[in-house]
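# Architecture and fold: a report
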Amino acid sequence: MYDVAIIGAGIVGAMTARKLTSYDAKIVILEKEQDVAMGQSKANSGIVHAGFDPIPGSLKAKLNVKGNSMMEKTAEELGVKFRRNGSIIVAFSEEDVKILQKLYKRGIENGVPGLKIISGEEARRKEKNLSENVCAALYAPTGGVVCPYELTIEAVGNAMDNGADLIRQFCVAAIEKKKDYFVLKSSNGEEVKTRYVVNCAGVYSDRIAAMIGDESFSITPRAGEYMLLDKDAYELTEATIFKVPDKMGKGVLATRTVDGNILLGPTSVDREDKTDDSVTDKGLDTIKEKEMMFFNNIPFDKVITQFTGIRAHGDKGDFIIDSPVEGFINAAGIGSPGLTAAPAIAIEIENLLKHAGFDAIPNDDFNPCREKPPIFRDCTTEEKNILIQEEPSYGNIVCRCEQVTEAEIRQAIRRNPQALDIDGIKRRTRSGMGRCQGGFCMPQVLEILADELDKKPEEITKKGENSTVLYGKIKGGTAV
C-alpha cells in the first residue's frame with residue numbers, strides 16, 4: 001500500500017515525486033514507457049518562460065512566475081545546467097507593437113520583474129543577427145533555458161534517492177475506488193494500491209481522469225516540430241527570440257540550448273493521434289519561413305536533426321489542477337509554460353493532498369541535492385588526466401562529437417536503473433547528439449549496454465519495445 005501514486009514520469013510527475021519525498025511517506029511513480037521523460041518532457045524547447053504571456057489571475061500566470069523564480073535553485077540542487085539568457089519578443093509592425101504593449105502590461109500584472117519595451121536598434125545591439133525589419137521588442141531578462149529531459153531524469157533520480165519507487169511499463173488501464181484507497185490496474189495485470197492518486201499523464205490525462213468518472217475536460221495532442229543546428233551555429237543568438245504570439249500559442253522561437261546548439265521551432269498543429277510525432281515537410285518549411293523573419297542569415301545547412309514534440313493542449317484554456325474525487329488529483333492540460341511551472345505545480349499538488357488528508361510527517365533524511373559524476377568534456381586538461389589515472393576508461397572516447405567517454409556511459413547505466421536502451425544513454429550523456437547523430441558511437445554504446453546489463457547485443461533496443469537494433473548474425477558470427 002502506497003501513500004501516493006503518481007501516474008506519469010514527465011517533468012510534473014518528477015517534480016511532484018521529488019517534493020513528496022520530503023515527507024515520511026511511501027511514494028510510487030507509474031510510467032507506461034521503459035524510461036522517464038518519454039512524453040512531452042523529452043521533446044520541447046526547454047524554455048524557462050518569464051511569465052508575460054499567461055492571462056493574469058490564471059493558474060498559468062501564477063505558477064509560471066513562481067516556477068521561474070524557483071528554477072535556478074532547483075537546477076543547482078539537481079546538478080542540471082541552467083542559463084538565464086533572457087527573452088526578446090520582436091515586433092515587425094505597428095500592430096505587433098500594440099501586442100507588445102499588451103504583453104508588457106500583462107507581465108507587469110503577473111509580477112514579472114525587469115520587463116521593458118526597447119527599440120529595434122537596442123534589440124539589435126543585444127542580438128547582432130536580428131533582422132533590420134525588427135522595429136521594437138519586449139525584453140524579459142528573467143527568461144532562461146534548461147534541458148527538459150535532464151531536469152526530469154534528475155528530479156526522478158532525486159525522488160528515488162529519497163525513497164520513491166519507480167515502476168516502468170505500467171500502463172494504467174483501470175482505476176477502482178475503494179472506501180479509503182484506490183486500486184490501479186495495469187494493462188498487463190499488475191496492481192498497485194494507494195491512498196492518493198496524482199494524474200500527471202500528459203496527453204493521456206483525460207483518459208486517466210475518465211477512469212474515475214471525471215469527463216470534465218479533454219486533451220488534444222498538439223504537435224510542435226523543431227530543427228536543431230550544430231554547435232558551429234551558436235553565434236546566431238544568445239537570447240531566446242520570439243515573435244508576438246497568436247491564437248495557437250507563442251509561435252516559433254530561436255534559442256541557444258544549454259548545450260550550445262541552436263533550436264528553431266516549434267510549429268503548432270493539432271493532431272488526432274496522441275502518439276503521432278512524425279516530422280513533415282510542411283512543418284519544416286513553416287519553420288524556415290518564419291525563422292527567416294528573425295535573422296539576416298540562418299545557416300540551415302548546419303541542421304543536424306529534426307524532431308516533433310507532442311504537447312497536452314487542454315480545452316479549459318488553463319492548467320487543470322483539481323480534485324474531482326476525494327483523494328484523486330488532476331495535473332492535466334500542462335502545456336506551455338508547464339516546464340517552467342513544474343516546481344510550483346508540485347507545491348500546488350502538495351497543498352491539495354494536504355487538504356484531502358495527506359498528513360505525513362517531514363522526512364528528516366530528505367536531501368534535495370543530487371551529486372553528479374564529472375562531465376569529461378567540461379573538465380580541464382589536468383582534471384581529465386586525474387580522471388584517467390583513477391579510471392582508465394575515461395581515456396576511451398566513445399562519442400567523438402560530444403566527447404563522451406566509456407566511463408561516463410557505464411556510470412550512467414549504473415546510476416540510473418531505468419537507462420536500459422541507446423536513447424536512454426543518449427539523454428543522460430549526450431552520446432549520439434552531435435553532428436553525426438550516433439553514426440559512429442551507437443555500436444559502442446550498444447556493446448557497453450549489453451555488457452553492463454548482461455544481455456546479448458541483439459537484445460538491446462534503441463528506444464524500448466519494437467526498436468531492436470540488431471536482428472541476428474550473418475555467416476561468420478558478425479551481428480547485423
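All of the points below concern the structure found in this document.

### Quick look at the pairing of strand β14 (residues 240-243)
- As defined by bridge partners, strand β5 (residues 87-91) adjoins β14 across four bridges and the pair is classed as parallel. In the sheet register, Ser 87 faces β14, and the bridge partner there is Thr 240.
- Where β14 lies against strand β15 (residues 253-256), two bridges are found, and the strand directions are antiparallel. By the bridge assignment, Ile 241 is partnered in β15 with Ala 254.

### Looking at the pattern of salt bridges
- A full pass over the atoms with the stated rule returns 37 salt bridges.
- Residue Glu 154 is joined to Arg 370 by a salt bridge in which the shortest nitrogen-to-oxygen separation is 2.9 Å. Of this pair, Glu 154 sits in helix α5 (residues 148-161) while Arg 370 sits in the loop between α8 (338-355) and α9 (381-390), placing them 216 residues apart in sequence. Across the pair, Arg 370 and Glu 154 agree in class, each one buried.
- A salt bridge links Lys 185 to Glu 176; the nearest nitrogen and oxygen atoms lie 3.4 Å apart.
- Overall, the relative accessible area of 30% leaves Lys 185 in the partly exposed class.
- Overlapping salt bridges, with partners in common, bring together Glu 150, Glu 154, Asp 161, Arg 370, Lys 372 and Arg 415 in one network.

### A look at the state of the cysteines
- For the coordinates displayed, the defined rule picks out zero disulfides.
- Cys 399 provides the cysteine sulfur closest to Cys 147, a residue in no disulfide bond, and the two sulfurs are 15 Å apart.
- For Cys 147, a relative accessible area of 6% gives the class buried.
- No disulfide involves Cys 379; its sulfur sits 16 Å from the nearest other cysteine sulfur, which is in Cys 399.

### Structural notes on the packing of aromatic side chains
- Tallied over the full model, the rule gives six aromatic pairs.
- With centroids separated by 4.9 Å and ring planes inclined at 20°, the aromatic side chains of Tyr 226 and Phe 307 adopt a geometry described as stacked. You can see Tyr 226 sitting in strand β13 (residues 219-229) and its partner Phe 307 sitting in strand β18 (residues 303-314), a full 81 residues away along the chain.
- Here Phe 376 and Tyr 394 contribute two aromatic rings whose centre-to-centre distance is 6.1 Å and whose plane-to-plane angle is 20°, an arrangement assigned as stacked. Here Phe 376, found in the loop between α8 and α9, pairs with Tyr 394, found in the loop between α9 and β21 (397-399); they are 18 residues apart in sequence, far enough to count as distant.
- The ring of Phe 182 has Lys 177 lying over it, and the distance from NZ or CZ to the ring centre is 5.0 Å.
- Over the ring of Tyr 204 we find Lys 274, and its NZ or CZ is 6.0 Å from the ring centre.

### Here's the deal with unusual backbone geometry
- In this structure, the amide linkage connecting Gly 265 to the following residue, Pro 266, adopts the cis form with an omega of 0°.
- You can see Pro 266 is positioned in the loop between β16 (262-265) and β17 (269-270).
- Of note, the phi angle at Ala 37 is positive, near 55°, even though the residue is not glycine.
- Topologically, Ala 37 is positioned in the loop between β2 (27-30) and β3 (47-48).
- One non-glycine residue, Gln 403, lies in the positive phi region at around 55°.
- In this fold, Gln 403 is placed in the loop between β21 and β22 (404-405).

### Focus: the side chain of Asn 199
- If you trace the backbone, Asn 199 turns up in strand β12 (residues 191-199).
- A distance of 2.9 Å separates a polar atom in the side chain of Asn 199 from the backbone oxygen of Ser 205.
- Excluding its chain neighbours within four sequence positions, the residues that come into contact with Asn 199 are Ile 7, Ser 205, Ile 208, Ala 209, Phe 328, Ile 329, Asn 330, Ala 331 and Ala 332.

### Focus on the sheet that holds β3
- With antiparallel pairing, three strands are arranged side by side in an open sheet as β3-β8-β4. Only two strands of the sheet have a single neighbouring strand rather than two, namely β3 and β4 (82-83).
- Note that β4 and strand β8 (residues 144-146) share two bridges and pair antiparallel. Within the sheet, the bridge partner assigned to Arg 83 lies in β8 and is Val 145.

### Focus on the nonpolar core
- Counting 70 residues, the largest nonpolar core has Val 4, Val 12, Leu 151, Ile 345, Ile 349 and Leu 353 as its most contacted members.
- Tallying contributions element by element places α8 first for this core, with eight residues.
- One finds Val 134, Ala 239, Leu 264 and Ile 298 within the second-largest nonpolar core, a separate group that totals 24 residues.

### A closer look at the pairing of β12
- Pairing of strand β1 (residues 2-7) with β12, which is carried by five bridges, proceeds in the parallel orientation. Residue Tyr 2 lies in a different strand from β12, and its bridge partner there is Thr 194.
- Pairing of strand β11 (residues 182-186) with β12 involves four bridges; the strand directions are antiparallel. Bridge pairing in β12 links Val 183 to Lys 193.
- The turn linking β11 back onto β12 is made up of four residues, and Gly 189 within it adopts a positive phi angle of 95°.
- As defined by bridge partners, β12 adjoins strand β20 (residues 328-332) across three bridges and the pair is classed as parallel. For Asn 199, the partnering residue across the bridge sits in β20 and is Asn 330.

What counts, and at which threshold
Residues numbered from 1 in each chain as written. Predicted model: local features only at pLDDT ≥ 70, side-chain atom pairs only at ≥ 80, totals over all residues. Heavy atoms only, no water. Pairing = 2+ DSSP bridges. Helix = DSSP H or I, 4+ residues; strand = E, 2+ residues; numbered from the N terminus. Salt bridge = Lys/Arg side-chain N within 4 Å of Asp/Glu carboxyl O. Buried < 20%, exposed > 50% of the residue type's maximum accessible area, 1.4 Å probe, protein only. Disulfide = S-S within 2.5 Å. Phe/Tyr/Trp six-rings, centres within 6.5 Å; stacked < 30°, edge-to-face > 60°. Lys NZ or Arg CZ within 6 Å of the ring centre and 35° of its normal. Polar contact = N/O pair within 3.5 Å; in protein donor to acceptor, adjacent residues only side chain to side chain. Contact = heavy atoms within 4.5 Å. Core = buried A, V, L, I, M, F, W, Y, C linked by side-chain atoms within 4.5 Å.

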